[in-house]
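Okay, here's what each chain looks like letter by letter:
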Amino acid sequence: MATTGFARITVCGGGNAAHVVIPLLVNRGCRVTLYAPFADEAERFREAAAGGGLEALFFNGRVLRGSPHLVTTDPAEAAEADLILMVVPAFAHGPLLKALSPHLPAGTAVGAIPSRSGFEFQALHAIPERGKKQIIFCGQTLPWACRIESYGRKVRVLGTKESVGLAAIPPESAPALADFLSKALEVNFYALPNSLTVSLGNIGQVIHPGIMYGVLKHYRGEVWSEAEIPLFYQGVTEETARVLEDLSSEIVRMAARLAREFPVDLEQVLTVGQWLVRAYARHIEDRSTLVRAFRTNRSYSGLKLPVKKTTDGYIPDFESRYLTEDIPFGLLFSRAVAEMIDSPTPRINEVITACSGWINKHYLDQRGKLAGPDLKEARIPQHYGINDALRLITVSLGGYG
Ligand code: NAI
């Protein structure tokens, strides 16, 4: 039986994550619509459904089967739901929100897992007046590592996180949503006090660009054999760990300052070390240092730096989402909040400047200020009319100002 209140769910996007979410929701008795406006995904899903449907293979050997009840590319049809769940890369949130917002019934919950940073402001902006009647929710991370094996037919779940934080606007909606999603998606979702905890506490902004920077600042154009591709998490060195700790403490210091000056609870904006232990408690063998915690986390076992294949071997993939998503939808958000409260961010500036150079983007000027032709692509609060800390906190807490 579907859990009360959210019987009709629209899943947006037809990637890896959507393939996992659909059979889970169908098996919980939800009526699932798949909104897949991208490329020919809807057609491919319909064909797959006719050929036997979708199965999710979990790492413990469990197999779940279940296809969407409706596959559509029509936003009006897709918006007819109690809950809209976006499980797509952050750059797809904008187009999806734009298409769906004119059709959303009042009271629908609209959210993203993972939301990355600033989803809540983008969503409230896309659903202006009506946004006040919507519930916006933000999931901290995708609960699964998962890969499609056959489009619309088979997905493999390689690992599951122990728990995922979830915040909402208005904040008091978070416990009921976390409770529903815990049952529906079979992962422990826990309620966070406000969406700023998710946006500032987005750990992907620290770990992904931080490790990419740590590895690639020493890259001199080598072509690697498969065996030489550097390990990503388990290759973290003392030097990279210092980068991660600095990024993380610049963000945690901002959160502490905001919490001192405004009535907002940001205690769960965690340091990278705290987050690692919380997310992977039982998978880490040695927590004595950050380097050891990364290197001995079994869930990270064997995961490598994102690479591209060339005729001679492998080179780093500078177009990886670890740079193209986690900077404009992560680290730049934090940099933008720092601007509001004049908080120093030397390490954040250093990492953004180096990484954005590698992806040919200009987000900061030479003094490290937010300026540059590509800044418009970044999901920073200032783009949604939020220019000071009071308004940032007010909107995050559900006051629309
Ligand atoms: P994916 O790459 O499989 O998803 C891509 C899908 O997004 C496309 O298939 C399409 O349906 C949709 N999309 C792309 N551009 C669009 C547009 N302009 N308009 C509408 N839809 C569009 O991504 P995946 O693997 O499902 O991941 C989703 C999110 O979860 C990403 O942010 C990813 O970084 C994160 N994540 C994924 C993990 C995994 O193991 N797959 C693990 C941890 C996080």
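Since the model is a prediction, treat every value here as computed from it, not as a measurement.

Definitions and limits used
- Residues numbered from 1 in each chain as written.
- Predicted model: local features only at pLDDT ≥ 70, side-chain atom pairs only at ≥ 80, totals over all residues.
- Heavy atoms only, no water.
- Helix = DSSP H or I, 4+ residues; strand = E, 2+ residues; numbered from the N terminus.
- Buried < 20%, exposed > 50% of the residue type's maximum accessible area, 1.4 Å probe, protein only.
- Areas by Shrake-Rupley, 256 points an atom, 1.4 Å probe, with all protein chains shown as cover.
- Lys, Arg positive; Asp, Glu negative; His and termini not counted.
- Charge placed at Lys NZ, Arg CZ, Asp CG, Glu CD.
- Domains from an automatic or database assignment.
- Contact = heavy atoms within 4.5 Å.
- Buried area = accessible area lost by both parts, 1.4 Å probe.
- Salt bridge = Lys/Arg side-chain N within 4 Å of Asp/Glu carboxyl O.
- Polar contact = N/O pair within 3.5 Å; in protein donor to acceptor, adjacent residues only side chain to side chain.
- Nonpolar A, V, L, I, M, F, W, Y, C, P; charged D, E, K, R; others polar.
- Core = buried A, V, L, I, M, F, W, Y, C linked by side-chain atoms within 4.5 Å.
- Near = heavy atom within 4 Å.
- Pairing = 2+ DSSP bridges.
- Axes fitted to C-alpha atoms, helices over the stretch in contact; angles between N-to-C directions.
- Phe/Tyr/Trp six-rings, centres within 6.5 Å; stacked < 30°, edge-to-face > 60°.
- Lys NZ or Arg CZ within 6 Å of the ring centre and 35° of its normal.

Undergrad: Could you clarify how one ought to interpret the overall build of the chain in this entry?
TA: Summing up its helical and strand segments, the chain has 16 helices and 14 strands in all. Buried residues in the chain amount to 56% of all 401 residues. For the chain, the accessible surface area stands at approximately 16400 Å², while carbon and sulfur atoms represent 51% of it. Charge separation in the chain, taken as the distance between the mean sites of 42 positive and 41 negative side-chain charges, equals 2 Å.

Undergrad: Teacher, can you tell me more about the domain arrangement of the chain here?
TA: One frequent convention defines the size of an interface as the accessible area lost when the parts assemble. Domain boundaries in the chain define domain 1 (8-192) and domain 2 (204-396). Distance from the C-alpha centre of domain 1 to the C-alpha centre of domain 2: 25 Å. Contact with domain 1, which involves 21 residues of that partner, is made by 21 residues of domain 2. Here domain 1 packs against domain 2, burying approximately 2000 Å² in sum over the two surfaces, 55% of which is carbon and sulfur. The largest share of the area that domain 1 buries against domain 2 comes from S117, F121 and E162, three residues that together contribute 34% of it. Two residues, E325 and R116, come together in a salt bridge whose shortest N-O distance is 3.5 Å. Where domain 1 meets domain 2, there are seven residue pairs in polar contact (both at pLDDT 80 or more). Among the elements of the structure, α5 (119-126) and β11 (163-169) are those that each provide at least two residues to the side of domain 1 that touches domain 2. For the side of domain 1 that touches domain 2, the class distribution of residues is ten nonpolar, eight polar and three charged.

Undergrad: Would you mind showing me how to read the nonpolar core here?
TA: Most often, soluble globular proteins keep nonpolar side chains buried together rather than apart. With 95 residues, the main nonpolar core has M86, L258, F294 and L332 as its most contacted residues. Counting residues per element, this core draws most heavily on helix α14 (residues 327-341), which supplies nine residues. Shared between two domains, this core takes at least three residues from each, and those domains are domain 1 (8-192) and domain 2 (204-396). Each residue touching L258, except ones within four places of it in the same chain, is listed here: L196, L200, V264, L266, V337, I341, A389, L392 and I393. By size, the runner-up hydrophobic cluster in this structure holds 47 residues, among which are V26, I113, L142 and L181.

Undergrad: Even after reading the chapter, I still don't get the site of the ligand, so can you show me in this structure?
TA: Residues in contact with the ligand amount to 22 residues; listed here are only the nearest, G14, N16, A17, E41 and R321. Between the ligand and E325, the relevant distance is 3.1 Å, taken from an oxygen atom to a side-chain nitrogen or oxygen of the residue. Within the complex, the protein chains bury 82% of what would otherwise be the 820 Å² of accessible surface of the ligand. For the shell around the ligand, the secondary structure elements donating two or more residues are α1 (16-27) and β9 (144-150). Counting residues per element, the shell around the ligand draws most heavily on β9, at four residues. For the shell around the ligand, the per-class residue count stands at 13 nonpolar, four polar and five charged.

Undergrad: How do you make sense of the sheet that holds strand β3 (residues 55-57) when you look at a structure like this?
TA: Sheet strands line up and pair through hydrogen bonds in the backbone, either parallel or antiparallel. Strand order across the open sheet formed by four strands is β4-β3-β10-β9, with mixed pairing between neighbours. The open sheet is flanked by β4 (63-65) and β9, the only strands paired with a single partner. Each adjacent strand pair in this sheet contributes to an overall mean axis angle of 25°, direction not counted. Each of β3, β4, β9 and β10 (154-160) is contacted by α1, which is oriented at about 95° to β9, the strand it contacts most.

Undergrad: Sorry, what's going on with the sheet that holds strand β5 (residues 70-72) here?
TA: Pairing is mixed in the open sheet, where eight strands are placed in the order β5-β2-β1-β6-β7-β8-β11-β12. A strand with exactly one partner marks an edge of an open sheet, and here the two such strands are β5 and β12 (188-191). Within this sheet the neighbouring strands show an average axis-to-axis angle of 25°, counted without direction. With three bridges joining them, strand β2 (residues 31-35) and β5 adopt parallel strand pairing. Directly across from L34, in β5, lies its bridge partner V71.

Undergrad: Any chance you could explain the packing of aromatic side chains here in plain terms?
TA: A ring pair, where both rings are aromatic, is described by two values, the distance of the centres and the angle of the planes. What the rule picks out here adds up to 13 aromatic pairs. Judged by centre distance (5.5 Å) and plane angle (80°), the ring pair of F45 and Y151 falls under edge-to-face. Taken together, the residues span a long stretch of sequence, with F45 in helix α2 (residues 41-50) and Y151 in the loop between β9 and β10 at a distance of 106 residues. For the pair F45 and Y151, one class covers both residues: buried. Among the aromatic residues, those joined into a ring-pair cluster are F232, Y233, W275, Y280, F294, Y300 and Y322. Between the NZ or CZ atom of R44 and the centre of the ring of Y151, over which it lies, the distance is 4.0 Å. A cation over a ring is seen here: R62 above F58, with NZ or CZ 5.6 Å from the ring centre.

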